[in-house]
Amino acid sequence: MSQALAFANGWNLATTLMVCVVVFQSGTGAYGVMPSGEYDGDPAAIVLEFDPFQP
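The rules behind the values
- Residues numbered from 1 in each chain as written.
- Predicted model: local features only at pLDDT ≥ 70, side-chain atom pairs only at ≥ 80, totals over all residues.
- Heavy atoms only, no water.
- Helix = DSSP H or I, 4+ residues; strand = E, 2+ residues; numbered from the N terminus.
- Rg over C-alpha atoms; globule rule 2.2 N^0.38 Å.
- Buried < 20%, exposed > 50% of the residue type's maximum accessible area, 1.4 Å probe, protein only.
- Contact = heavy atoms within 4.5 Å.
- Areas by Shrake-Rupley, 256 points an atom, 1.4 Å probe, with all protein chains shown as cover.
- pLDDT = per-residue confidence, 0-100.
- Phe/Tyr/Trp six-rings, centres within 6.5 Å; stacked < 30°, edge-to-face > 60°.

(A) Region of the structure containing the overall build of the chain. Of the regular secondary structure elements, the chain holds 1 helix and 3 strands. Against the 2.2 N^0.38 benchmark of 10 Å for 55 residues, the chain shows a C-alpha radius of gyration of 10 Å, consistent with a compact globule. Overall, the C-alpha framework of the chain stretches about 30 × 20 × 15 Å when taken along its three principal axes. When the 55 residues of the chain are sorted by exposure, 24% land in the buried category. In the chain, 44% of the contacts between residues at least 6 apart in sequence involve partners at least 24 apart. Accessible area for the chain stands at about 3,500 Å²; split by element, carbon and sulfur atoms hold 58% of it.

Below, the structure is given as structure tokens:
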């Protein structure tokens, strides 16, 4: 997934589910999105975190 698509999907997922979401980069260079509570990968791979509760 491209970076722009990952950011768009991350924001949509965070605001729809009202959960914190992380955008991370995998070892192959692709980006992924998942709820931060389920992410157990390398913290250095996290590119951005969306928190729907922050103004």
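(B) Fine view of the confidence of the model for the chain. Summary statistics for the chain give a mean pLDDT of 94 and a share of 100% for residues scoring 70 or more. In the model of the chain, helix H1 (residues 3-17) stands out as the element of lowest mean pLDDT, 95, in contrast to strand S1 (residues 21-25), which has the highest, 97.

(C) Looking closely at the packing of aromatic side chains. The final tally for this structure, using the stated rule, is 2 aromatic pairs. For the pair Trp11 and Phe50, a centre-to-centre distance of 5.7 Å together with 65° between the ring planes defines the contact as edge-to-face. Of the two residues, Trp11 is situated in helix H1 and Phe50 in strand S3 (residues 46-50); the sequence distance between them amounts to 39 residues. For Phe50, a relative accessible area of 13% corresponds to the buried category. Relative to Tyr39, the ring of Phe24 lies with its centre 5.2 Å away and its plane at 35°, an arrangement referred to as tilted. Of the two residues, Phe24 is situated in strand S1 and Tyr39 in the loop between strand S2 (31-35) and S3; the sequence distance between them amounts to 15 residues. Residue classification places Phe24 among the buried positions, given a relative accessible area of 17%.

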